Amino acid sequence: MASSSKKIAKEFYNLRKNLLDLTLRNQLLNFKPRNKTLTITNQSPTNVYKTLVLQDYTMTFAPNKKEEKDSSRIRNIWEHPSLDLSIFKDGDRTLRADLSPSELQKRLFYIDRQAKTMLQEQGYNILYLAVGFLKWKDGHKPKQNNLAPLILIPVEMERKKVGKSFTLNWTSEEIKTNISLKAKLLEDGIQLPDF
């Protein structure tokens, strides 16, 4: 009986491995910012993990750029935006992105719609917060640097009213190690531990 369960487990492992895309087309191996992603500029991975997971707090999105009022107006080269010192505060629950308020709302709305549609139609969550990235090079393209997320936190977005900012919560589902990266590194004999 134990022998057949080991065979079944091995078969499932092989099937799962064959389903993984280990090429550089995979966003989990070669991350590139797109309209489906949002880069946070003010938080450390440690603070995000502590706030969302350990403390189970909600985080709020905020723009880091002002709206362009008149694109024909030339800015004075000596005019600098004021420094935002809130990025250095421990416990800051704001997720800032280098977008204007309208750009940020459009991007968050698009990401939220895509995630909710996939959950309703396919029954699974595709919305993850990637924490920590590994910079690596592929043997076939040694001059190209690739970024791969290390840890994926399943999250959900919510907005109380139209025109208000979106918030982000951890879904309490299992936090995952990037299995595509784990399999890719294993090809070179490097074992990435489970989170």
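Residues numbered from 1 in each chain as written. Predicted model: local features only at pLDDT ≥ 70, side-chain atom pairs only at ≥ 80, totals over all residues. Heavy atoms only, no water.

Enquirer: Outline unusual backbone geometry, listing residues and values.
Expert: Leaving glycine aside, a negative phi is the common case for residues, and trans is the common case for peptide bonds. In the Ramachandran plot, D56 falls in the positive-phi region, its phi being about 55° despite a non-glycine side chain. Assignment of secondary structure puts D56 in the loop between α2 (45-54) and β1 (59-63). Positioned with a positive phi, S172 is a non-glycine residue whose angle comes to about 75°. Take S172: it is sitting in the loop between β5 (167-170) and β6 (176-177). Using a relative accessible area of 52% as the deciding quantity, one classes S172 as exposed. (Helix = DSSP H or I, 4+ residues; strand = E, 2+ residues; numbered from the N terminus. Buried < 20%, exposed > 50% of the residue type's maximum accessible area, 1.4 Å probe, protein only.)

Enquirer: Can you lay out the nonpolar core for me, pointing to particular residues and giving the numbers?
Expert: Ranked by internal contacts, the top residues of the largest apolar core, which has 24 residues, are L38, L52, F61, L129, I153, M157 and L168. When contributions to this core are tallied by element, the ones reaching two or more residues are α2, β1, β2 (94-97), α3 (101-122), β3 (128-138), β4 (141-158) and β5. Ignoring anything within four residues of it in the chain, the contact list for L129 reads V48, L52, I151, L152, I153, V155 and L168. Among the nonpolar cores identified, the runner-up in size contains 9 residues, and L22, L24, A148 and L192 belong to it. (Core = buried A, V, L, I, M, F, W, Y, C linked by side-chain atoms within 4.5 Å. Contact = heavy atoms within 4.5 Å.)

Enquirer: Got a sec to walk through α2? Specific residues and values, please.
Expert: Turning to α2, its buried residues are N47, V48, T51, L52 and V53. Looking at the buried positions of α2, the neighbouring elements they touch are β1, β2, β3, β4 and β5. Backbone geometry just after α2 places D56 at a positive phi near 55°.

Enquirer: Summarise the pattern of salt bridges; cite the residues concerned and give the values.
Expert: Enumeration according to the criterion identifies 6 salt bridges in this entry. Salt-bridge contacts for E158 lead to K160; the nearest nitrogen and oxygen are separated by 3.5 Å. Under the relative-accessibility criterion, E158 is labelled partly exposed at 38%. On the basis of relative accessibility, which here comes to 70%, the residue K160 falls in the exposed class. With a closest N to O distance of 3.7 Å, E187 and K184 form a salt bridge. Here E187 pairs with K184, and both are found in helix α4 (residues 179-187), just 3 residues apart, close to one helical turn. When its relative accessible area of 12% is taken as the criterion, K184 is described as buried. (Salt bridge = Lys/Arg side-chain N within 4 Å of Asp/Glu carboxyl O.)

Enquirer: Report on α3, specifying residues and quantitative values.
Expert: Taking 1.5 Å per residue, 22 residues should reach 32 Å; α3 reaches 31 Å between its end C-alpha atoms and fits that length. In the core, the buried residues of α3 are packed alongside β1, β2 and β4. Positive phi appears at G123, one or two residues downstream of α3, with a value of about 85°. (Expected span 1.5 Å × (residues − 1).)

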